[in-house]
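Residue strings, one per chain:
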Amino acid sequence: MDQQQQIRKFMNIVAPPVILLTLVLLSPPFLVLEFFLSILRSFFSENVAGKVVLITGASSGIGKQLAYQYAKKGACLVLVARRQNLLEEVAEKARLLGSPDVMSVQADVSKVDDCQRFIDETVNHFGRLDHLVTNAGIGSVCMFEDSTEINKFTPVMGINFWGSIYATHFAAPHLRNSKGKMIVIASLAGWLPVPRMSFYCASKAALIKFHETYRIEYGADIRSVIVVPGLIESEMTKGRFLSNEGVLMEVDEESREVEVGVFPYASTEGCAKHIVDGACRGEPYVIEPRWYKAAIFCRSLCPEVLEWFYRLVYGTLLGALLRGGLSKYWMSRMTTKSPTHPQPNLLTKSLVD
């Protein structure tokens, strides 16, 4: 035991400076290597024409635009969501954009039987599966102390995490057979601690860690692409969240102003194009908008600064002085809505795809 303690003490003293020095020495050549690899990937981008792509949460937002981007490249599509009427609209447009064959399957990804069913239907119809895109998700915005019925937030994990894992499990043998790709739509919130989004952050963090491990386990048999979007125009940025009671809100303008504020957001179409292009190139991570890489870098080097910034912007630092933080304060002082700010969607549709 004494010898083990001495070894641990030695490692505590020696390991940090050795690792830091190694990073300083190896970072420049590694970044150069990554730059050339990205160029090579662009030359050897995958041609998905005629290949089979399954997209969950395809009835709106990023999922819908992903369907259109894959359709333009000539891929066969399987579109999965709960809202059949919207799915049919997306399927029809995808056909017009160039997809040779489109299936729409009504299903709830939080149910394991539904996930097995839409994977089986895909393989029975097409005989293969090349890309699985797990996109379906749900958001929640509230302070943890204001969560009145904690058990009602289980759908956040059920849809965001398990909804992806169920589909991944049943699709894995087919993706291995086709040497296909697993594209998981996570979130920047999985890396950054965004106030009022603790349940959502936790679900996306779990999703990222699972698929990073999945990528190591399957190696070259299944290429895994982890997509990390920031603020993207979607139903969530238009104000649809779970309420403090854990029930779906149609439009929560106050929560929307606090969380989105005046920060710029990216278009869904542009985001989807970058995702599909990145997936075809085999990028391990796709971060959109790209300027969010600076926030991730800051989170790694100085997490305390980022935490202080979030507390200031989202109101946990100034408390009652600026309830809702600078984000809401700025919005309340604006005479017109920012062109970078998504307008609320007054449709009475469910948040969940």
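- Looking at an unreviewed UniProt entry, one finds the protein named 11-beta-hydroxysteroid dehydrogenase 1B-like, with Nelumbo nucifera as its source organism.
- Under the Sequence similarities (unreviewed entry) heading, UniProt states for the protein: "Belongs to the short-chain dehydrogenases/reductases (SDR) family."
- The record held by UniProt for the protein lists under Subcellular location (unreviewed entry) the comment "Membrane".

## Digging into the pattern of salt bridges
At step 1: Taken as a whole and judged by the stated rule, the model has 13 salt bridges.
At step 2: A salt bridge links Lys73 to Asp277; the nearest nitrogen and oxygen atoms lie 3.6 Å apart. Highlighted residues: Lys73 in the loop between α2 (61-72) and β2 (76-81) and Asp277 in helix α8 (residues 268-281), separated in sequence by 204 residues.
At step 3: As a salt-bridge pair, Arg281 and Glu283 come within 3.3 Å of each other at their nearest N and O atoms.

## Considering the UniProt feature "transmembrane region" (unreviewed entry) in the protein
At step 1: Within this structure's numbering, the places UniProt gives as "transmembrane region" (unreviewed entry) are residues 12-37.
At step 2: In this annotation, residues 12-37 is assigned 100% helix and 0% strand; the end-to-end C-alpha distance for the span is 35 Å.

## Structural notes on the sheet that holds strand β7 (residues 285-288)
At step 1: Strand order across the open sheet formed by 7 strands is β3-β2-β1-β4-β5-β6-β7, with parallel pairing between neighbours. Across the chains shown, the open sheet's two edge strands, defined by having one partner strand only, are β3 (102-106) and β7. The mean angle between the axes of side-by-side strands here comes to 15°, regardless of whether they run parallel or antiparallel.
At step 2: Across the sheet, helix α5 (residues 154-178) touches β4 (131-134) and β5 (181-185), and the angle it forms with β4 is around 175°.

## A closer look at the packing of aromatic side chains
Both the distance between ring centres and the angle between the ring planes are used here to describe each pair of aromatic rings.
At step 1: Across all of its chains, the model carries 8 aromatic pairs by this definition.
At step 2: Ring centres 6.0 Å apart and planes at 45° place the aromatic pair Phe144 and Phe199 in the tilted group. Note that Phe144 is positioned in the loop between β4 and α5 and Phe199 in helix α6 (residues 198-218), a separation of 55 residues in sequence.
At step 3: Taking relative accessible area as the criterion, Phe144 reaches 56% and is therefore assigned exposed.
At step 4: With a relative accessible area of 18%, Phe199 lands in the buried category.
At step 5: Three or more aromatic residues joined by ring pairs make a cluster, and in this case those are Phe161, Trp162, Tyr166, Phe210, Tyr214 and Tyr218.

Here is what the cut-offs are and how they apply
- Residues numbered from 1 in each chain as written.
- Predicted model: local features only at pLDDT ≥ 70, side-chain atom pairs only at ≥ 80, totals over all residues.
- Heavy atoms only, no water.
- UniProt positions renumbered as here; feature names shortened; annotations may be inferred.
- Salt bridge = Lys/Arg side-chain N within 4 Å of Asp/Glu carboxyl O.
- Helix = DSSP H or I, 4+ residues; strand = E, 2+ residues; numbered from the N terminus.
- Pairing = 2+ DSSP bridges.
- Axes fitted to C-alpha atoms, helices over the stretch in contact; angles between N-to-C directions.
- Contact = heavy atoms within 4.5 Å.
- Phe/Tyr/Trp six-rings, centres within 6.5 Å; stacked < 30°, edge-to-face > 60°.
- Buried < 20%, exposed > 50% of the residue type's maximum accessible area, 1.4 Å probe, protein only.

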